[in-house]
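# Results of the structural survey
Listed below are the residues making up each chain.
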Amino acid sequence: MKGTNAFVGDKGENMKNRRVAIVLALMALVAFPVKAQDFAVRLNSGDSLFFEITDAQRLQVTVVPPSDDGTDYYKGHQKISGVLVIPATVSHEGQSYTVTAIGERAFSGCTEIRMVSIPPTVTAIGSYAFYGCVGIGDPVVIGEDVTRVGLSAFYGCAQLPAVVFKARRCMFMGGSLATAVFGNCGGLRKVTIGEEVTRIPDYAFCGADGLSNTVVLPESLEYIGEYAFSFCSKMRGEVVIPDGVTTIGECAYNQCHAITSLTLGAAVDTIGSRAFYKCIGLRTV
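What comes next concerns the included structure. Computed from a prediction, not measured in an experiment: that's the story for all the values here. (Residues numbered from 1 in each chain as written. Predicted model: local features only at pLDDT ≥ 70, side-chain atom pairs only at ≥ 80, totals over all residues. Heavy atoms only, no water.)

### Observations concerning the sheet that holds strand E15 (residues 223-224)
Across the sheet, four strands lie side by side as E14-E15-E17-E19; this open sheet has parallel pairing. Edge strands, defined here as strands with exactly one partner in the open sheet, are strand E14 (199-200) and strand E19 (270-271). (Pairing = 2+ DSSP bridges. Helix = DSSP H or I, 4+ residues; strand = E, 2+ residues; numbered from the N terminus.)

Now the structure itself:
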């Protein structure tokens, strides 16, 4: 029995030591958060961009904020301002890396950015990447090979006047009205869709309530996503659905009050529920 009690005592002590080790490990994680970036590059403008190596073999990097401090992602660093030209390639320790993504919150809160140029090498724009960049006053181009634009990526870019959307096969964009990519962008008046775009993702321009010009859809288009233009209450005039479109998603033009005319293309075989709900200005179909 004494031997058994000794065994139980040792086991209890081991469990206690394990719990202490776990607590210490957690404390270490809190005290020393995961590094937000691997290296920085100074631009000709004098600003510094920060990068994380995301694929060492393919030499690919993502633009990231300099800090992972949840209260200030530029804590201890000067925020980017003026004209932001993100390079397609950067050099570090003798290697040339391709910039393939703009990471989550990369420029969040950089209110002094006036213009953004995104290189064609970028395939993903992370959630909140340009959140609250109220100073952006020139059109933003979303490139041909972008397949994902994260939650609220341009939310609150109040002076953004126009977007050129060239992403040919973008599969994700925003995900809800609450996380609309262009939510609270009151200055956004015009959206231009590229000639090779085949799909407008679900929620793509949902809640862009400053959008006043009707969006001209290209002949290449096949799919208009759910809530794609929902709550664009000022978008006016005629909507022409090209002949290549087969699907208009649920609530695609929900509450687009100022639309007056609708022309449906020959190939449309699916119109989701409430696709044109409360389009109260609609007079001809």
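Text resumes after the structure shown.
### Describing the side chain of Ser152
Tracing the backbone through its elements, the reader meets Ser152 in the loop between strand E10 (148-149) and strand E11 (162-165). If sequence neighbours within four positions are ignored, Ser152 has contacts with Tyr128, Tyr131, Ala178, Thr179, Ala180 and Val181. (Contact = heavy atoms within 4.5 Å.)

### A word on the side chain of Ser261
Tracing the backbone shows Ser261 in strand E18 (residues 259-263). Relative accessible area serves as the criterion here: at 15%, Ser261 is assigned to the buried category. At 3.1 Å, the side chain of Ser261 and the side chain of Thr284 are in polar contact. (Buried < 20%, exposed > 50% of the residue type's maximum accessible area, 1.4 Å probe, protein only. Polar contact = N/O pair within 3.5 Å; in protein donor to acceptor, adjacent residues only side chain to side chain.)

### Observations concerning the pairing of E11
Taken together, the three bridges between strand E9 (residues 140-142) and E11 define a ladder with parallel strand orientation. For Val140, the partnering residue across the bridge sits in E11 and is Val163.

### Describing the environment of Gly109
Turning to its location among the elements, Gly109 is positioned in the loop between strand E6 (95-102) and strand E7 (113-117). Sequence separation between Gly109 and Tyr128 is 19 residues, and the spatial gap between their C-alpha atoms is 9.4 Å. With residues up to four places along the chain from it excluded, the contact list for Gly109 reads Lys79 and Tyr131.

### What to know about the pattern of salt bridges
With the rule as written, the count across this model stands at six salt bridges. One salt bridge in this structure joins Arg114 and Glu112, with 2.8 Å as the shortest N-O distance. Since its relative accessible area comes to 40%, Arg114 is described here as partly exposed. Note that Asp145 and Arg168 form a salt bridge whose closest N and O atoms lie 2.4 Å from each other. Here Asp145 is found in the loop between E9 and E10, whereas its partner Arg168 is found in the loop between E11 and strand E12 (172-173), with 23 residues between them in sequence. Classification of Asp145 by relative accessible area gives partly exposed; the value is 36%. A residue is classified by how much of its surface remains accessible, and Arg168, at 22% relative accessible area, is partly exposed. Where salt bridges share partners, they join Glu144, Asp145, Arg168 and Glu196 into one cluster. (Salt bridge = Lys/Arg side-chain N within 4 Å of Asp/Glu carboxyl O.)

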